[in-house]
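Take a look at the letters that make up each chain.
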Amino acid sequence: MATSQLNSLSKLIDIPIDNHYDESYLIRLASMNLSELLEEPARLEVKVESLEREIQNKAIEQNEVFEKAQSCFSDVVSKMNSLHKSVCSACDYLPTLEYSCRSFKKEIDTTYTQYNQNKKALKYHSQLLELLEMPQLMETCIRNNLHEEGLVLLRHANTLYSEHFPTSSDSHPSHSGDSIILGIFNDMVAVGEQQESLLLRELETDITVSRCMQILSFLEQNIDLVSTFPLFSTLAEIQHLAQTLQ
């Protein structure tokens, strides 16, 4: 019944009526007589004025709530703007922070490498101490004519040299820490040449044949050890590389 009345009203006023209209009000309009329809606009105006006054009264009554809401909204907007500025400022510092982090990482890597080197040196402290004392010990041996013991030390140095450095004559130690070991071998070769000189001078003296044969044996071993170091055949080459690494 309501649908047929709406359709009739739609045809009467030539306005399409859909679900957006209040059906009950439209049905009431359709049931009004002419005088009621003429009075309806005035009644609606009165109702609109009444609603506006009611809205104004509610607004006045709830003014404090509106003010607080506005204050909260303004505070939120202010904080959002401040946050935006802070984020922009932080973004400006990001490249500097990235560079600082990379620099710090490099420093940490360098420190860690040095720490490992020191840790390794501490672990092999006694062996390193013995190695450092080898040139002085060999020099003491040859001063006391203990040439055989000196040759043992020189042979031991030759073995250590072969273990620490490549055997190819074209390769060179690449680590700066090798300069310490090179310095020790440098001293050992220098003492070996000193022993060679002492043996040669002793050959010029009046000695027995057996002693002469013994000295010749010492000389042969000494020259062989000094001249057959894995990388160098002369003392000058060892000194040059040691200075380069230092």
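Residues numbered from 1 in each chain as written. Predicted model: local features only at pLDDT ≥ 70, side-chain atom pairs only at ≥ 80, totals over all residues. Heavy atoms only, no water.

## Thoughts on the pattern of salt bridges
Phase 1: Enumeration over the complete set of coordinates arrives at seven salt bridges.
Phase 2: One salt bridge connects R43 with E40, and the closest N-O pair in it is separated by 2.5 Å. Of the two residues, R43 and E40 both sit in helix α3 (residues 34-61), three residues apart, roughly one turn of that helix.
Phase 3: By relative accessible area, R43 is classed as partly exposed at 36%.
Phase 4: R211 is the partner of E202 in a salt bridge, and the nearest nitrogen-oxygen pair spans 2.8 Å.
Phase 5: Take E202: its relative accessible area is 18%, and that puts it in the buried class. (Salt bridge = Lys/Arg side-chain N within 4 Å of Asp/Glu carboxyl O. Helix = DSSP H or I, 4+ residues; strand = E, 2+ residues; numbered from the N terminus. Buried < 20%, exposed > 50% of the residue type's maximum accessible area, 1.4 Å probe, protein only.)

## Considerations on the UniProt feature "coiled-coil region" (unreviewed entry) in the chain
Phase 1: Those places that UniProt annotates as "coiled-coil region" (unreviewed entry) correspond, in this numbering, to residues 34-68.
Phase 2: Spanning residues 34-68, this segment combines 97% helix with 0% strand, and its end C-alpha atoms are found 50 Å apart. (UniProt positions renumbered as here; feature names shortened; annotations may be inferred.)

## A few points about the nonpolar core
Phase 1: Counting 24 residues, the largest nonpolar core has M134, M138, L154, F185 and M188 as the members making the most contacts within it.
Phase 2: Elements supplying a minimum of two residues to this core: α5 (125-143), α6 (147-164), α7 (178-203) and α8 (209-227).
Phase 3: When residues of this core are assigned to their parent elements, the largest contribution, eight residues, is made by α7.
Phase 4: With residues near it in sequence (within four places) discarded, M134 still touches L153, H156, A157, L160 and M188. (Core = buried A, V, L, I, M, F, W, Y, C linked by side-chain atoms within 4.5 Å. Contact = heavy atoms within 4.5 Å.)

## Section: the side chain of E202
Phase 1: Considering the arrangement of structural elements, one finds E202 in helix α7.
Phase 2: A distance of 2.8 Å separates polar atoms of two side chains, one belonging to E202 and the other to R211.
Phase 3: When neighbours within four sequence positions are excluded, E202 is seen to be in contact with H147, I207, R211 and I215. (Polar contact = N/O pair within 3.5 Å; in protein donor to acceptor, adjacent residues only side chain to side chain.)

## Quick word on unusual backbone geometry
Phase 1: At N145, a position not held by glycine, the phi torsion is positive, near 60°.
Phase 2: Following the sequence through the fold, N145 ends up in the loop between α5 and α6.

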